[in-house]
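Notes for the structure review
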Amino acid sequence: MTFAFPKSSRLLTTAEFKRVFDKRKSTADSLLVIYAAKNDLEKNRLGISVSRKVGNAVVRNRWKRLIRTAFRTNPLATVKHFDIVVVPKRGAALPDYAALEKSFCRLVRLLLSREK
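Notes on the structure follow. (Residues numbered from 1 in each chain as written. Predicted model: local features only at pLDDT ≥ 70, side-chain atom pairs only at ≥ 80, totals over all residues. Heavy atoms only, no water.)

1. Examining the packing of aromatic side chains
- Counted under the stated rule, the structure contains 1 aromatic pair.
- Look at F21 and Y35: their rings are 4.9 Å apart centre to centre, the planes differ by 85°, and that puts the pair in the edge-to-face class. Here the residue F21 occupies a position in helix 1 (residues 14-23), and Y35 occupies one in strand 2 (residues 32-38), the gap between them amounting to 14 residues. (Phe/Tyr/Trp six-rings, centres within 6.5 Å; stacked < 30°, edge-to-face > 60°. Helix = DSSP H or I, 4+ residues; strand = E, 2+ residues; numbered from the N terminus.)

2. Some details on helix 1
- When helix 1 is considered as a whole, its buried residues turn out to be E16, F17 and V20. Around the axis of helix 1, the buried residues are gathered within 95° of arc, so they sit on the same side. Exposed residues on helix 1 whose side chains face more than 90 degrees from its buried face are T14, A15 and D22.
- Backbone geometry just downstream of helix 1 places R24 in the positive-phi region, at approximately 60°. (Buried < 20%, exposed > 50% of the residue type's maximum accessible area, 1.4 Å probe, protein only. Arc of directions from axis to C-beta.)

3. A look at unusual backbone geometry
- Phi at R24 is positive, roughly 60°, even though this residue is not glycine.
- Structurally, R24 can be placed in the loop between helix 1 and strand 1 (26-28).
- Exposure remark for R24: the relative accessible area of 62% places this residue in the exposed category.

In structure tokens form, the structure reads like this:
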């Protein structure tokens, strides 16, 4: 298993993010809001949106690193063909990795099971 995060696994353009947001399939808890939409690719792709309201650049980049790591280390091998956008919940304190990973996995499983 590789833990690389190549460009082909990312949502890169505004249009890609907009398509996921327009589908309005989402779920949330106290840490994260996750949106998902089906794609025509053989893999899942991740987009991360962290507002300046979350904190300074150091805090925003820490959120992004934790979310990317949770996505890479939990490949969701049983479900493919989804674009996923993760947004930290407004007002949520920066969690440790274990709490974020647990939240991410639970929410993605819940959302993708509804999408099948």
